[in-house]
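Residues per chain, in single letters:
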Amino acid sequence: MDKTLPDLAAAVAGIEDGMTVMIGGFGGSGAPIELIHALIDRFLATGHPKNLTVVNNNAGNGHVGLAALIEQGMVAKLICSFPRSADPRVFTELYLAGKIELELVPQGTLAERIRAGGAGIPAFYTPTSYGTDLAKGKPVEEFDGRPYVRERWLKADVALIKAERGDTLGNLTYRMAARNFGPLMAMAAATTIVQVRELVQPGAIDPEAVVTPGIFVQGLVEVANPAQEEDLNRANAVYPETAA
């Protein structure tokens, strides 16, 4: 039952070409920077994984984290709500060059599609996006005199998320807003890998405080001093450093 992993390299070792990967975070809040960078390291060493479909709230900022993953050419398609964020130059340049595909999803719809994936609900209806380009080609039905667009669930092969504390059984707590998409993504992925600031023994977390139960987690790695995306960008950091 011990789900701890020896290091970051082992944590991302199972991610293969063509997989759909959900990555937690709302901007930099809750973004698993170290797991993303470990995935880049694996790609630079082996040439894999590539052609990934990534589900995230945005398209990354600067040249670290998700933006760095995209910059390495590892991402074939991005499903997100905010491709235009503080510094989205990496995604923007590749998108305009036709080198990455974008599926734009309103944020509430994105969260609900992920939740539906975890709950086993293959589709649902929402009024959001009706009458816009985002609804083109999607079934529409009327309920109580109002049109609703049918949206499909979102599921993933792997979720990479960040938590505050986790025990060796995989039970997790989060730090304030860093909770965001993490609990939903953990439920919607076949395999959930978590970086935790503090790894503790079973019983050290009050059961009433557990947000994500261990049944949804397949592996944890401790990162005691996780980097914050905004701090890295203020320092003009680039990952990997050889790309600077």
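Overview of the structure. (Residues numbered from 1 in each chain as written. Predicted model: local features only at pLDDT ≥ 70, side-chain atom pairs only at ≥ 80, totals over all residues. Heavy atoms only, no water.)

1. A closer look at the environment of Asn57
Operational definition: Every helix listed is a DSSP run of H or I at least four residues long, and every strand listed is a run of E at least two residues long, numbered separately from the N terminus. Throughout, exposure labels follow a simple rule: accessible area from a 1.4 Å probe, protein chains only, divided by the maximum for the residue type, with under 20% read as buried, over 50% as exposed, and the rest as partly exposed. Residue contacts are defined here by distance: any two heavy atoms, one from each residue, within 4.5 Å place the two residues in contact.
Within the secondary structure layout, Asn57 lies in the loop between β2 (52–55) and α3 (65–71). In this structure Asn57 comes out as buried when scored by relative accessible area, which is 3%. Along the chain, Asn57 and Ala111 lie 54 residues apart, while their C-alpha atoms are 9.0 Å from each other. Those residues in contact with Asn57 that lie beyond four places of it in its chain are Gly25, Phe26, Gly27, Cys80, Ser81, Phe82, Gln107, Leu110 and Phe181.

2. Here's the deal with the nonpolar core
Stated formally: Nine residue types can take part in a nonpolar core, namely buried Ala, Val, Leu, Ile, Met, Phe, Trp, Tyr and Cys, and a core is a set of them joined through side-chain atoms within 4.5 Å.
By size, the foremost hydrophobic cluster in this structure holds 30 residues, and its most contacted members are Ile15, Leu39, Val54, Leu69, Ile70, Leu78 and Leu160. If one sorts the elements of this core by residue count, helix α2 (residues 33–46) sits on top with six residues. By size, the runner-up hydrophobic cluster in this structure holds 22 residues, among which are Leu110, Ala186, Val194 and Leu220.

3. With respect to helix α4 (residues 89–96)
Buried within α4 are the following residues: Val90, Phe91 and Thr92. At its buried positions, α4 is contacted by α3, β3 (75–80) and β4 (101–104).

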